[in-house]
Amino acid sequence: MDWGWQNRMARMFPAPTGRTVMLAVDHGYFMGPTHGLEVPRQTLAPLLGLCDAVALTRGVLRTSVPPSTTTPVVLRVSGGASVVGADLSHEALTTSVEDALRLNVSAVAMSVFVGSAHEHESLVNLGALVNQGEAVGLPVMGITAVGKELDKRDARYLSLASRIAAEQGAHVVKTYYCEDGFSRVVEGCPVPIVVAGGPRLETDRAVLELVHASISAGARGVDMGRNIWQSDHPVSMLKAIRSIVHEDCTVKEALQALEEARLAPTAREPRADASPVRA
Ligand code: 5RP
């Protein structure tokens, strides 16, 4: 790949670890104003400077991210379905590579729905996006989406979907962690894997264990949203995740730092604008 592609990848996976903590705030493209992300600008303000990259849509980028930011942007370019519609897998490419370049992003991202009614379209679209991205030096991240079928997330399915996305040419694959056999998912995928967090977990420990287990099994980072910005202390949670991804901290160490930050009276974090809409 040419220098531009390499530069974009190096900025998303910064030295010295070559790992990444991406902040995912792209949920509104099918969920609307999800709890914790009702006002993206407010959610992003304290977190943007602390992540290695931010994953969002062009609507949130244009309205809620200062153009002066130096944080690399991973632009979601697929959509076309909603959480109240008939089929979440019925997506297409909705944002052009030309717009992605105009927005000066570091990568583009789209979901693939392996095993769904629209498997074929999503995979063909991924191949087309890779063709367009490689022509202009834009890395492409394939996201192995499961829609509402969260139970699908076992090693067999995630290996299959991740490998298929990589074979279509995705340069990075975002998938889920699974307790049994996640290292097989990583081994079977010839490009870097980053792990999504999924719906909010019950405890901080569970979040940090997921991150630690993912990195230990060979993931090159995380691309997490709800478990950060739905947390009672998003900044401290993001920092704790960073300590595992970039400093190889144990869960115990990260949890201790998180607890100290949470209990410090001066470090209380304002919650994002609360609203009755919950996802
Ligand atoms: C939404 C996405 C999210 O970016 C992905 O699921 C990561 O966010 P979370 O950690 O909240 O699951 O792809 O479609």
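Quick caveat: nothing in here was measured; it's all calculated off a predicted structure.

S.K.: So what exactly am I meant to see when it comes to the overall build of the protein here?
M.R.: When helices and strands are tallied, the protein shows 12 helices and 10 strands. Computed over the C-alpha atoms, the radius of gyration of the protein is 17 Å, within 12% of the 19 Å expected from 2.2 N^0.38 for a compact globule of 279 residues. For the protein, the spread of C-alpha atoms along the principal axes amounts to about 50 × 40 × 40 Å. For the protein, the residues scored as buried account for 47% of the 279 residues in total. Long-range pairs, those at least 24 residues apart, make up 68% of the contacts in the protein between residues at least 6 apart in sequence.

S.K.: Would you mind going over the site of the ligand with me for this structure?
M.R.: For the ligand, the set of nearby residues contains 13 residues, the closest of which are Ala24, Ala196, Gly197, Gly225 and Arg226. Listed by contribution, the elements that provide at least two residues to the shell around the ligand are strand 10 (221-224) and helix 10 (226-229). Of the residues contributing to the shell around the ligand, the split by class is five nonpolar, five polar and three charged.

S.K.: So what exactly am I meant to see when it comes to the nonpolar core here?
M.R.: One recurring pattern in soluble globular proteins is that nonpolar side chains are buried together. In this structure, Met22, Val54, Ala55, Val74, Val108, Ala109 and Ile241 are the most contacted members of the largest nonpolar core, which totals 79 residues. Broken down by element, the residue count for this core peaks at six residues, all from helix 11 (residues 234-247). Those residues in contact with Ala55 that lie beyond four places of it in its chain are Met22, Leu23, Ala24, Val25, Asp26, Val74, Arg76, Ala109 and Asp223.

S.K.: Would you explain unusual backbone geometry in this entry?
M.R.: A negative phi holds for most residues other than glycine; trans holds for most peptide bonds. Look at the link from Ala15 to Pro16: it is a cis peptide, with omega at 5°. With respect to the helices and strands, the residue Pro16 is situated in the loop between helix 1 (3-12) and strand 1 (20-24). The phi dihedral of Asn104 falls on the positive side, at around 60°, and the residue is not glycine. Mapped onto the elements, Asn104 comes out in the loop between helix 5 (97-102) and strand 6 (107-112). Given 11 C-beta atoms within 10 Å, Asn104 falls into the exposed group. Positive phi, normally seen in glycine, also occurs at Asp248, with a value near 55°.

S.K.: How do you make sense of helix 1 when you look at a structure like this?
M.R.: Side chains three or four residues apart in an α-helix point the same way, a direct result of the helix having 3.6 residues per turn. Taken residue by residue, helix 1 has Arg8, Met9 and Met12 as its buried positions. Burial along helix 1 is one-sided: seen end-on, the buried residues are contained in an arc of 95°. Along helix 1, the residues that are exposed and aim more than 90 degrees away from the buried face are Trp3 and Gln6. On its buried face, helix 1 is in contact with strand 1, strand 2 (53-56), strand 3 (73-76) and strand 6.

S.K.: Can you help me understand helix 9 (residues 204-216) in this one?
M.R.: With 13 residues, helix 9 extends 18 Å between its outermost C-alpha atoms, agreeing within 8% with the 18 Å of an ideal straight helix rising 1.5 Å per residue. Burial in helix 9 covers these residues: Asp204, Val207, Leu208, Leu210, Val211, Ser214 and Ile215. Looking straight down helix 9, one finds that the buried residues subtend no more than 150° of arc, so they occupy a single side. In this structure, the buried side of helix 9 is in contact with helix 8 (182-187), strand 9 (193-196), strand 10, helix 10, helix 11 and helix 12 (251-263).

S.K.: Would you mind showing me how to read the confidence of the model for the protein here?
M.R.: Fine structural detail should not be taken from predicted coordinates in areas where pLDDT scores are low. Averaged over all residues, the pLDDT of the protein equals 93, while 95% of them reach at least 70. Considering only residues more than four positions removed or in separate chains, one finds that residues 271-279, a stretch of pLDDT under 50, has 21 contacts.

S.K.: Looking at this structure, I do not really get the pairing of strand 2. What am I missing?
M.R.: Every regular strand shows the same layout, with side chains that alternate between the two sheet faces. Across the two faces of strand 2 the burial is the same, with Ala53 and Ala55 and Val54 and Leu56 all buried. Here strand 1 runs beside strand 2; their pairing, made up of three bridges, is parallel. Each residue of the ladder has a partner; that of Leu23, found in strand 2, is Val54. Both strand 2 and strand 3 contribute to a ladder of three bridges, which runs parallel. Among the inter-strand pairings, Val54 is bridged to a residue of strand 3, identified as Val73. Taken together, strand 2, helix 4 (residues 58-64) and strand 3 form a β-α-β motif whose crossover is right-handed.

The rules behind each value
- Residues numbered from 1 in each chain as written.
- Predicted model: local features only at pLDDT ≥ 70, side-chain atom pairs only at ≥ 80, totals over all residues.
- Helix = DSSP H or I, 4+ residues; strand = E, 2+ residues; numbered from the N terminus.
- Rg over C-alpha atoms; globule rule 2.2 N^0.38 Å.
- Buried ≥ 20, exposed ≤ 12 C-beta atoms within 10 Å, placed from the backbone.
- Contact = placed C-beta atoms within 7 Å.
- Near = placed C-beta within 6 Å.
- Nonpolar A, V, L, I, M, F, W, Y, C, P; charged D, E, K, R; others polar.
- Core = buried A, V, L, I, M, F, W, Y, C linked by C-beta atoms within 7 Å.
- Arc of directions from axis to C-beta.
- Expected span 1.5 Å × (residues − 1).
- pLDDT = per-residue confidence, 0-100.
- Pairing = 2+ DSSP bridges.
- Right-handed = clockwise from strand over helix to strand, strands pointing away.

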